[in-house]
There are 2 protein chains.
Amino acid sequence: MRTTIKDIAKAAGVAHTTVSRALNRDPVISAKTTKRIQALARDMGYVPNVVARNFRSNRTKAIGMVLTTITDPFLSRIVEGVEQAAYDAGYSLFVSTSHEDPKREMAIIRELSQRRVDALIIASMWVSSVYGGELKRIRIPTVLINHAMEAHNIRYVTIDDCKSALEATNYLIELGHTRIGFVKSSDRPSGYVNNRLVGWERALKAAGLPHDDQLVVSPEGHNDFERGRGALQAVMDSKVTAIFCYNDLIALGLLKACHDHGVRVPTDLSVMGFDGLEQAQQIAPTLTTMSQPQAYMGQLATKMALNLVQGREKVESIEIPTQLIARESTRKL
Amino acid sequence: MRTTIKDIAKAAGVAHTTVSRALNRDPVISAKTTKRIQALARDMGYVPNVVARNFRSNRTKAIGMVLTTITDPFLSRIVEGVEQAAYDAGYSLFVSTSHEDPKREMAIIRELSQRRVDALIIASMWVSSVYGGELKRIRIPTVLINHAMEAHNIRYVTIDDCKSALEATNYLIELGHTRIGFVKSSDRPSGYVNNRLVGWERALKAAGLPHDDQLVVSPEGHNDFERGRGALQAVMDSKVTAIFCYNDLIALGLLKACHDHGVRVPTDLSVMGFDGLEQAQQIAPTLTTMSQPQAYMGQLATKMALNLVQGREKVESIEIPTQLIARESTRKL
DNA sequence: TTGTACGCGTTATCAC
DNA sequence: GTGATAACGCGTACAA
């Protein structure tokens, strides 16, 4: 058996409540007693039982985080931000991944709710799309990342996908491109609106540029890099001079395919990504992209969640600005 | 207040212990009662209080994982394996990062131990090096990844760094290289032996190749990619024809620097990495590397840890084989 | 300044 | 087949 405050109390010849107070530095206990008991606790190898404390206090000082996969560099940066903010606030972090399986995702959320986490951070669109109603019923303070949904205890941190994509596309237009394609990612929940696609479309329309079905490529693949790689043929067939990828991983895959098939970037094709992954500046050519402050978004989401926990009524959802980063993969036509 | 089994008991007109049994599908309760109570629980929005259960049972079905940073793709793959195995076994996962700060790392471990996690997975050399003694005293079943240390409740999963590095270097030697350099990573805990460096040295000695101080490069930088990037000058100065990098991230940084400075790989310089990151095959040229099965190592570590939890005495530390993957970044001289 | 009594939600034990 | 009771470790209200 592990040492409890009762064991210490017995050894010290005091009541267990005195031990409890001494260990929690309650000033009501004399400095002498406090010191003696703390020394005793150390000597006896006492480790506070946080489970008991959580049970008693009805709080866990734990945050639950749900995401699709931790190996996606975009998401792992967000996790880093969440972990940092949680640690700074003295919270521990449960991390679970759903691998795009809505059922698993909801099972995770039920599990975390049974564990009585104080707050939830969700970086995935599946739950809120498919199980939005159930999520609201959970009653746990929740912050969604990159999915705008609100309720009594639910807030979000997101970017403006449509506007950002529009700006990205406008940049390509300003460079003189007139035939600009779009590469999609995997399938999304039904009912999901691909706002980056919408932004791209609007930019084309506003500039009076052509816009036919051939411009949109929906490649297959088990991850975004592979999808990008598999998109090259269709991209070349569509005779575009510039291509806007749904995200950086797709763009990186496309760049690799370009290299392998002798398509020069940006000479033959300008490539624009989205996300601002660290890797985007670690390759050759470096990737032009629309950057999201990933770690910051994670930190912010966490702080908002903890504010919700404290019952502050003025916690407001936030839309974060993105930033265009022009690099080598795009050129003036 | 949330619904408890007592609330359900009151509503059902039975004792709360009957409710407990019905919800846990205890066959001693009549099918009719069980069904009635489960329906009632659903209707009343009952969410089992796992904190109370953990408190009562003295187990948490939670694993604590400690690592330096989640943004390192090598580590994030390991986390993926751990998370998968934990999920499959019905365990939840605490994830904490230390950012190479031994104090923070030890603080995390104390925290996890206070939370009474059933097991610990540690993917970092700092704790075991600096706080090995304290770690042993924690008494929680623990599995270390890539750091060989054993004790009553501590096991490890690792590769043979020395042998793997020796094989990697031998491969370069077989390709005809006679002057082969080594790029180190960041500083390690004092007392830490860099076995990859040792393996490289042994291979050179065994082949009767020169081995002077200039061959070992210790670049500065805030992460491994930057270190690799900063290593180019010293590497070129040392007049090697092949370079063995401590890990893939360093190799990737070096490849970028090579591209930027017109050093052709593998024509002018053969580059070998270590780890087998996914990214290593996503760039141009693809990187020759010594691959570790990252996700598998995480899964294995988790299963071993859970076996330790179950008190199986026959849980043995494991050394996993690595695999040389020859790609485009190395060439025959 | 310290001690006593009690309860948090659940499950195990024993009695009916 | 079901109910009553106790116990897990801790913190707090109240008493001394």
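Residues numbered from 1 in each chain as written. Chains lettered and ligands numbered in written order. Predicted model: local features only at pLDDT ≥ 70, side-chain atom pairs only at ≥ 80, totals over all residues.

When you go through chain A residue by residue, the secondary structure sums to 13 helices and 12 strands. For 333 residues, the compact-globule formula gives about 20 Å, and the C-alpha radius of gyration of chain A, at 26 Å, lies well above that figure. Reported as C-alpha extents along the three principal axes, the dimensions of chain A are approximately 85 × 40 × 30 Å. Relative to all contacts within chain A whose residues are 6 or more apart in sequence, the contacts with residues 24 or more apart total 67%. (Helix = DSSP H or I, 4+ residues; strand = E, 2+ residues; numbered from the N terminus. Rg over C-alpha atoms; globule rule 2.2 N^0.38 Å. Contact = placed C-beta atoms within 7 Å.)

Residue and element names in this part refer to chain B. Taken in spatial order, the 4 strands of this open sheet run β7-β6-β8-β9, and their pairing is parallel. Edge strands, defined here as strands with exactly one partner in the open sheet, are β7 (216-217) and β9 (270-272). Contacts from helix α8 (residues 161-174) reach β6 (180-183), β8 (242-245) and β9, with the element oriented near 170 degrees to β8. (Pairing = 2+ DSSP bridges. Axes fitted to C-alpha atoms, helices over the stretch in contact; angles between N-to-C directions.)

Residues and elements named next belong to chain B. Along β6, one buried face is formed by I180 and F182 and the opposite face, lined by G181 and V183, is buried too. Sheet analysis places β6 next to β8, joined by 4 bridges and oriented parallel. Bridge pairing in β8 places V183 opposite C245. Sheet topology note: the β6/β7 ladder contains 2 bridges and is parallel. Bridge pairing links F182 to V216 in β7. Tracing the backbone out of β6, into helix α9 (residues 195-206) and back to the parallel element β7 gives a crossover that is right-handed. (Buried ≥ 20, exposed ≤ 12 C-beta atoms within 10 Å, placed from the backbone. Right-handed = clockwise from strand over helix to strand, strands pointing away.)

Moving on: the protein's contact with DNA strand D. Lining the immediate environment of DNA strand D, one finds 22 residues, of which A:T4, A:N49, B:V14, B:A15 and B:T18 sit closest. Only α2 (16-23) and α4 (50-57) of chain A together with α2 (16-23) and α4 (50-57) of chain B provide two or more residues apiece to the surface near DNA strand D. At 4 residues, α4(A) tops the list of elements feeding residues into the surface near DNA strand D. Looking at side-chain class alone, the surface near DNA strand D contains 9 nonpolar, 9 polar and 4 charged residues. (Near = placed C-beta within 6 Å. Nonpolar A, V, L, I, M, F, W, Y, C, P; charged D, E, K, R; others polar.)

Attention now moves to the domain arrangement of chain A. For chain A, the domain assignment lists domain 1 (5-48), domain 2 (61-159 + 294-322) and domain 3 (161-291). Taking only C-alpha atoms into account, the centre of domain 1 of chain A sits 38 Å from that of domain 2 of chain A. (Domains from an automatic or database assignment.)

Before going further, it helps to examine the protein's contact with DNA strand C. Near DNA strand C you find 24 residues, and of these A:V14, A:A15, A:T18, B:N49 and B:A52 are the closest. Secondary structure elements with two or more residues in the surface near DNA strand C: α2 and α4 of chain A together with α1 (5-12), α2 and α4 of chain B.

Before going further, it helps to examine unusual backbone geometry. Note that the residue after A:V265, namely A:P266, is joined by a cis bond; omega there is 10 degrees. Its place among the elements puts A:P266 in the loop between α12 (248-260) and β9 (270-272).

It is worth spelling out the pairing of strand β1 (residues 62-67) of chain A at this point. All names here are of chain A. For β1, the tally of buried residues reaches 6 of 6 residues, placing the bulk of the element in the interior. Here β1 shows no split at all, with A62, G64 and V66 on one side and I63, M65 and L67 on the other all buried. Remark: the β1/helix α5 (residues 73-88)/strand β2 (residues 92-97) crossover connection has right-handed handedness. Where β1 meets strand β3 (residues 119-123), 5 bridges bridge the pair, whose relative direction is parallel. From the neighbouring strand, V66 faces β3, where its bridge partner is I122.

Residues and elements named next belong to chain A. Among all positions in helix α1 (residues 5-12), only I5, I8 and A12 are buried. All buried residues of α1 fall inside an arc of 60 degrees around its axis, so they share one side. Against the buried residues of α1 lie α2 and α3 (31-43). Where α1 terminates, the next one or two residues include G13, which has phi positive at roughly 70 degrees. (Arc of directions from axis to C-beta.)

Our focus in this paragraph is the relation of the copies chain B and chain A. Between the two copies, chain B and chain A, the superposition gives an RMSD of 0.1 Å; the rotation angle is 180 degrees and the shift along the axis is 0.1 Å. Between the two chains, the operation in question is that of a two-fold axis. Residues of chain B ranked by C-alpha distance from the rotation axis are headed by B:F94, positioned 2.2 Å from it. A shared binding surface is used by both copies, with 100% of the interface residues of chain B retained as interface residues in chain A. (Least-squares fit on C-alpha atoms with pLDDT ≥ 70 in both.)

Our focus in this paragraph is the interface of chain B and chain A. Many authors give the size of an interface as the accessible area that is lost as the parts come together. Each partner contributes to the interface: chain B provides 38 residues, whereas chain A provides 38 residues. Broken down by secondary-structure element, the contributors of at least two residues to the side of chain B that touches chain A are α4, α5 (73-88), β2 (92-97), α6 (102-114) and α12 (248-260) of chain B. For the side of chain B that touches chain A, the class distribution of residues is 17 nonpolar, 14 polar and 7 charged.

What follows covers the packing of α2(B) against helix α3 (residues 31-43) of chain B. Residue and element names in this part refer to chain B. Between α2 and α3, the shortest axis-to-axis distance is 9 Å and the interhelical angle comes to 95 degrees. Judged by the inter-axis angle, α2 sits roughly perpendicular to α3. From α2, T18, V19, A22 and L23 reach across to α3, where they touch T33, T34, I37, Q38 and A41. (Parallel < 35°, antiparallel > 145°, perpendicular 65-115°, else oblique.)

A word on α12(A). Residue and element names in this part refer to chain A. Helix length check: α12 (13 residues) gives 18 Å between terminal C-alpha atoms against 18 Å at 1.5 Å per residue, within 8%. Taken together, the buried positions of α12 are occupied by D248, L249, I250, A251, L252, G253, L254, L255, K256 and C258. G262 lies just past α12 and shows a positive phi near 70 degrees. (Expected span 1.5 Å × (residues − 1).)

Turning our attention to the environment of A:L175. Residues and elements named next belong to chain A. As for its position among the elements, L175 is in the loop between α8 (161-174) and β6 (180-183). Once the C-alpha coordinates of L175 and V95 are considered, the two residues, 80 residues apart in sequence, prove to be 43 Å apart. Those residues within four positions of L175 in sequence are excluded, and the remaining contacts are S270, T330, R331, K332 and L333.

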